[in-house]
Amino acid sequence: MCYQVVELYSVCKCLYYQHAVDRCAAYGQPGHRPHKKEVLVGHSCGIHSGRSGYSYGASHYSDSGYSSSHSPKSSSRGQYR
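Being a predicted model, the structure only gives us computed values, none of them experimental.

Visitor: Run through the overall build of the protein, naming residues and quoting values.
Guide: Across its full length, the protein carries 0 helices and 3 strands. Secondary structure elements of the protein, listed N to C terminal, follow the sequence β-β-β. Per-residue burial over the protein gives 15% buried out of 81 residues. Look at the contacts in the protein between residues 6 or more apart in sequence, and 47% of them connect residues 24 or more apart. A total of about 6,900 Å² of accessible surface is found on the protein, and carbon and sulfur atoms cover 50% of it.

Structure (structure tokens):
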């Protein structure tokens, strides 16, 4: 059986990434279709997150209670001297 992994945002179900089909011996024969496996990722896409051009990744949760005055672009994380 052929498989195809499709990654969807967990809240809005918009497409995040569609992987190539993992083919079996019956691939391409009439009536044979790949089995799609949906995997939920992140939170919501940039359109549905309420913020223009920004989508929540695995490290950002709306219910965490954490608030920061720094924007993600101005963060100094990862910069070592």
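Visitor: Run through the sheet that holds strand E1 (residues 3-9), naming residues and quoting values.
Guide: Two pairing modes exist for strands in a sheet, parallel and antiparallel, and in both the strands are linked by backbone hydrogen bonds. Strands sit in the order E2-E1-E3 across an open sheet of 3 strands; the sheet is mixed. Since the sheet does not close on itself, it has two edges, and those belong to strand E2 (15-18) and strand E3 (35-41), each with one partner. Between one strand axis and the next, the sheet turns through 25 degrees on average, direction left out of account. Pairing of E1 with E2, which is carried by 3 bridges, proceeds in the antiparallel orientation. In the strand pairing of E2, Val6 is matched with Gln18.

Visitor: Just give me the short version of the side chain of Ser44, but keep the residues and values in it.
Guide: By the element assignment, Ser44 lies in the segment after E3. A residue is classified by how much of its surface remains accessible, and Ser44, at 2% relative accessible area, is buried.

Visitor: Any chance you could break down the packing of aromatic side chains for me, citing the residues and the numbers?
Guide: A full pass over the atoms with the stated rule returns 1 aromatic pair. The interplanar angle of 90 degrees and the centroid separation of 5.4 Å between the aromatic rings of Tyr9 and Tyr16 together place this pair among those described as edge-to-face.

Visitor: Requested: an account of the side chain of Ser49, with residues and values cited.
Guide: Relative to the elements of secondary structure, Ser49 occurs in the segment after E3. A polar contact of 3.5 Å, which involves the side chain of Ser49, links it to the backbone oxygen of Gly46.

Visitor: Report on the environment of Gly42, specifying residues and quantitative values.
Guide: Position of Gly42 relative to the elements: it lies in the segment after E3. Sequence separation between Gly42 and Val11 is 31 residues, and the spatial gap between their C-alpha atoms is 8.4 Å.

Visitor: Go over unusual backbone geometry with me, naming the residues and quoting the values.
Guide: With glycine set apart, most residues show a phi of negative sign, and most peptide bonds adopt trans. A positive phi angle is found at Lys13, which is not glycine, with a value near 65 degrees. Inspection of the secondary structure puts Lys13 in the loop between E1 and E2.

Visitor: Lay out the environment of Cys24 in plain terms, naming residues and giving numbers.
Guide: By the element assignment, Cys24 lies in the loop between E2 and E3. Ignoring anything within four residues of it in the chain, the contact list for Cys24 reads Met1, Cys2 and His32.

Analysis parameters
- Residues numbered from 1 in each chain as written.
- Predicted model: local features only at pLDDT ≥ 70, side-chain atom pairs only at ≥ 80, totals over all residues.
- Heavy atoms only, no water.
- Helix = DSSP H or I, 4+ residues; strand = E, 2+ residues; numbered from the N terminus.
- Buried < 20%, exposed > 50% of the residue type's maximum accessible area, 1.4 Å probe, protein only.
- Contact = heavy atoms within 4.5 Å.
- Areas by Shrake-Rupley, 256 points an atom, 1.4 Å probe, with all protein chains shown as cover.
- Pairing = 2+ DSSP bridges.
- Axes fitted to C-alpha atoms, helices over the stretch in contact; angles between N-to-C directions.
- Phe/Tyr/Trp six-rings, centres within 6.5 Å; stacked < 30°, edge-to-face > 60°.
- Polar contact = N/O pair within 3.5 Å; in protein donor to acceptor, adjacent residues only side chain to side chain.

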